Amino acid sequence: MSTDGDESGVALWLLWKRTSEVIRTAVIDDVTAANSVSEPELTVLVHLNKAGGTARQNALVTSTGWDRSRLSHLLTRMEKRGFLTRERLRNGVEVSLAPAGEDLMVDKQRALHDAVERHLIGRLDVEQQRALRDILTTLDG
């Protein structure tokens, strides 16, 4: 077993960790600076918006990668803030954007797009963007 390959792999992993954290933090800081929405709240709102405004709670667990308990506590707080509603169904829970959540998404979509462009996409050429998408899709699947 070669230690050079291991050290190279570890170095690449550390670079990926640092880079993803720097970009994630910059994007979140840009988007959440204007109001008191947290990163986890923004994540839920973006996933709901992407799903057309409504999603099953189990689908949110899957799309966020969070455990059920964490998500449930967060959804309770967000419901109290008026960002979403939850409806118990026979076979699960349906989560929907409330008017305050919809308004926040309208407000934050441009900021999110601009922040992603500034801190990630705008720093890559088209070929690099495709390569990054391919790599991330491979690693995600």
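A brief look at the structure comes next. (Residues numbered from 1 in each chain as written. Predicted model: local features only at pLDDT ≥ 70, side-chain atom pairs only at ≥ 80, totals over all residues. Heavy atoms only, no water.)

## Side note on the overall build of the chain
Within the chain one finds 6 helices and 3 strands. For the chain, the α and β elements follow one another from N to C terminus as α-α-β-α-α-β-β-α-α. With respect to the principal axes defined by its C-alpha atoms, the chain has extents near 55 × 35 × 25 Å. Sequence separation of at least 24 residues holds for 53% of the intrachain contacts in the chain that already meet a minimum separation of 6. Here the chain displays about 9,700 Å² of accessible surface, and carbon together with sulfur accounts for 54% of that area. When the 19 positive and 21 negative side-chain charges of the chain are each reduced to one mean point, those points stand 6 Å apart. (Helix = DSSP H or I, 4+ residues; strand = E, 2+ residues; numbered from the N terminus. Contact = heavy atoms within 4.5 Å. Areas by Shrake-Rupley, 256 points an atom, 1.4 Å probe, with all protein chains shown as cover. Lys, Arg positive; Asp, Glu negative; His and termini not counted. Charge placed at Lys NZ, Arg CZ, Asp CG, Glu CD.)

## Things to note about helix H6 (residues 126-140)
For H6, which comprises 15 residues, the first-to-last C-alpha distance of 21 Å matches the rise-based estimate of 21 Å (1.5 Å per residue) to within 8%. Little of H6 is tucked away, with 0 of its 15 residues classed as buried. The N-capping residue of H6, defined by a side-chain oxygen 3.1 Å from the backbone nitrogen of Glu127, is Asp125. (Expected span 1.5 Å × (residues − 1). Buried < 20%, exposed > 50% of the residue type's maximum accessible area, 1.4 Å probe, protein only. Polar contact = N/O pair within 3.5 Å; in protein donor to acceptor, adjacent residues only side chain to side chain.)

## Topic: the layout of surface pockets
Taken as a whole, the largest pocket spans an internal volume of roughly 1,900 Å³. Lining the largest pocket are 37 residues, with Ser20, Ile23, Leu120, Leu132 and Leu136 sitting closest to its centre. At the level of elements, helix H1 (3-32), helix H2 (39-50), helix H3 (57-64), helix H5 (99-119) and H6 are the ones that each hand at least two residues to the lining of the largest pocket. Considered class by class, the residues forming the lining of the largest pocket number 20 nonpolar, 12 polar and 5 charged. (1 Å grid on protein atoms, 1.4 Å probe; cavity = no way out; pocket = protein on both sides within 12 Å on 5 of 7 lines; lining within 4 Å. Points joined across faces, edges and corners; volume = space filled by probe spheres on them. Nonpolar A, V, L, I, M, F, W, Y, C, P; charged D, E, K, R; others polar.)

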